[in-house]
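# Working through the structure, step by step
Take a look at the letters that make up each chain.
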Amino acid sequence: AVVSTQSTGTIHQNFEVWFQQILFELKSVKSLFSGPKVCEKGQQLIYQRLVRVISIFRILVQQFEILETMSCNNFASFRHVFQGGASGFQSTQFRLLEQILGIKEVQRTCTFLKFYESKMSQEQKEEIKNHESAEDIFTLVDRWLARTPGLQHFITSFRNTLEKEVRDFRSKAEEIEQTDPERSEILLRKAEEMESAHKIVLLPENYERAGRVYGRKLSYMAFMGALMIYSYSGEPRFTVPYEILKSLMDLDTFLTKWRFSHAMMVKRMIGGKPGTGGSGGYTYLRSTVSDRYMPFIDLFEVATYVLAPQKLPPLSPIVLAEIEKFYISERAHTRTPTTSSDEDSAADSQTDEDSVMDSPTDED
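Anyway, here's the lowdown on the structure attached to this text. (Residues numbered from 1 in each chain as written. Predicted model: local features only at pLDDT ≥ 70, side-chain atom pairs only at ≥ 80, totals over all residues. Heavy atoms only, no water.)

## Focus on the overall build of the protein chain
When helices and strands are tallied, the protein chain shows 17 helices and zero strands. Looking at the protein chain as a whole, 47% of its 364 residues are labelled buried. Taking contacts inside the protein chain between residues at least 6 apart in sequence as the whole, the part at least 24 apart equals 79%. When the accessible surface of the protein chain is totalled, it reaches about 18,200 Å², and 54% of it is carbon and sulfur. (Helix = DSSP H or I, 4+ residues; strand = E, 2+ residues; numbered from the N terminus. Buried < 20%, exposed > 50% of the residue type's maximum accessible area, 1.4 Å probe, protein only. Contact = heavy atoms within 4.5 Å. Areas by Shrake-Rupley, 256 points an atom, 1.4 Å probe, with all protein chains shown as cover.)

## Description of the environment of E65
Among the secondary structure elements, E65 is positioned in helix 2 (residues 40-67). Expressed as a C-alpha distance, the spacing of E65 and H262, which sit 197 residues apart in the sequence, is 10.0 Å.

## With respect to helix 10 (residues 204-214)
Every buried residue of helix 10 is listed here: N206, Y207, A210 and G211. One face of helix 10 carries all of its buried residues, which in axial projection span an arc of 135°. Following helix 10 by one or two positions, G215 adopts a phi angle in the positive range, close to 75°. (Arc of directions from axis to C-beta.)

## Overview of the packing of aromatic side chains
Applying the stated criterion across every chain, the model contains 15 aromatic pairs. Consider the rings of F15 and F64, whose centres lie 5.3 Å apart with planes at 50°: the pair is tilted. Taken together, the residues F15 in helix 1 (residues 2-33) and F64 in helix 2 connect sequence positions 49 residues apart. By the burial criterion, F15 is buried, and F64 matches it. Judged by centre distance (5.8 Å) and plane angle (75°), the ring pair of F19 and W258 falls under edge-to-face. Separated by 239 residues along the polypeptide, F19 in helix 1 and W258 in helix 12 (residues 236-270) bring together distant segments of the chain. Here a set of aromatic residues connected by ring pairs shows up, and it is made of F15, F19, F64, F94 and W258. (Phe/Tyr/Trp six-rings, centres within 6.5 Å; stacked < 30°, edge-to-face > 60°.)

## A short note on the pattern of salt bridges
Applying the stated criterion across every chain, the model contains 11 salt bridges. A salt bridge links R143 to E135; the shortest N-O distance between them is 2.4 Å. For E135, a relative accessible area of 38% corresponds to the partly exposed category. (Salt bridge = Lys/Arg side-chain N within 4 Å of Asp/Glu carboxyl O.)

## Considerations on the nonpolar core
One recurring pattern in soluble globular proteins: nonpolar side chains tend to sit buried together. Residues F57, L145 and L299 are the most contacted members of the largest nonpolar core, which totals 91 residues. At 15 residues, the largest contribution of residues to this core is made by helix 12. Those residues in contact with L145 that lie beyond four places of it in its chain are L151, L218, M221, A222, G225, A226, I229, L245 and L299. (Core = buried A, V, L, I, M, F, W, Y, C linked by side-chain atoms within 4.5 Å.)

## As for the packing of helix 8 (residues 151-175) against helix 9 (residues 181-202)
As a packed pair, helix 8 and helix 9 sit with axes 8 Å apart at the nearest point and diverge in direction by 165°. One element, helix 8, and the other, helix 9, form an angle in the roughly antiparallel class. Read as a crossing pair, helix 8 and helix 9 show a hand that is left-handed. Across the interface between the two elements, F158, R159, L162, E165, V166, F169, R170, K172, A173 and E174 of helix 8 pack against S184, L187, L188, K190, A191, E192, M194, E195, H198, V201 and L202 of helix 9. Its residues placed into classes, the contact of helix 8 with helix 9 shows 11 nonpolar, two polar and eight charged. (Axes fitted to C-alpha atoms, helices over the stretch in contact; angles between N-to-C directions. Parallel < 35°, antiparallel > 145°, perpendicular 65-115°, else oblique. Left-handed = near helix turned anticlockwise from the far one by under 90°. Nonpolar A, V, L, I, M, F, W, Y, C, P; charged D, E, K, R; others polar.)

## As for the side chain of D252
Position of D252 among the secondary structure elements: in helix 12. Buried charge without a partner: D252 forms no salt bridge, and the closest opposite charge is K217, 6.7 Å away. Other than its neighbours up to four places away in sequence, D252 contacts M294, P295, F296, I297 and F300. (Lys, Arg positive; Asp, Glu negative; His and termini not counted.)

## Details of the packing of helix 7 (residues 137-146) against helix 12
In the contact formed by helix 7 and helix 12, the axes pass within 13 Å of each other and the chain directions differ by 150°. What the angle tells us is that helix 7 and helix 12 run roughly antiparallel. Our pair here, helix 7 against helix 12, has a crossing hand that is left-handed. Contacts between helix 7 and helix 12 involve V141, W144 and L145 from the first element and P241, I244, L245 and L248 from the second. Across the contact of helix 7 with helix 12, the residue classes tally to seven nonpolar, no polar and no charged.

Right, here's the structure in full:
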């Protein structure tokens, strides 16, 4: 039991140390996204930071396997040692981590919020309150996607391509209606399914209406920006942005895996008993394994509307020129020496971030 107590305490401590590192990385990501533009170097740094966070969560998920090697009676023999003081429910750092990603208080399962707050110091309460009112990574990502270069041209092109696809299905169905009515019916059904599935993204008002029903979080322009990046991920200028979006989905995935592993370990060890922090134990933890706790869930939905590469028109010279101009202006923007403008200050801070975040302290 002594060994088990030490092991469990060490794992709790390890979680808190890793949460501290994750917060450090996410604050860097937030800083890099905060400027009016995110330069190419900034995008590379964001991607590196996110990959590091994902690697940490992969380790955290594996640590539950150590606890699962114990029997439930051995776990029960020392659980009272942690009563009221060693619950992930009470981790201020984990709450800050959720907030900086974009999980709002209104999205939570907060049955035990009053008890949770009673265990916090005034300083912790103020820190959480300050983070709740600050901009989060989700908000900054939404803004970044909404200003994807060439986006308006892409939206028009996407609509035209989709409408042509539907017309072609219907035209083909009419041609073979007499000779092959069964095949004609299949084509008509495909046309209706495609039109129905994509009507949500054809017009902003359709998207907003669906958003209220399905709980969409991304704005229309941000969603279409993500769709453009997905659709043309092979374009050199969109390679890193696509990797960033993939990493945000990976982050959601591993955070959910961590929640699920935590919930199942608790179920295995204490069954239906309440948690040491005052929560409902497994019942509470299992309730957090949901879309409400995935700030970037809409990025998974983008795949619904991606067309096959052979059906996508190539990016027009106008769009390519707009994209190139956008990145050229960003390079000039980050090379600009100190000026009084806010944009130059933001660009300088992104460049400075590289030297600060990749210092030996970061790697220790």
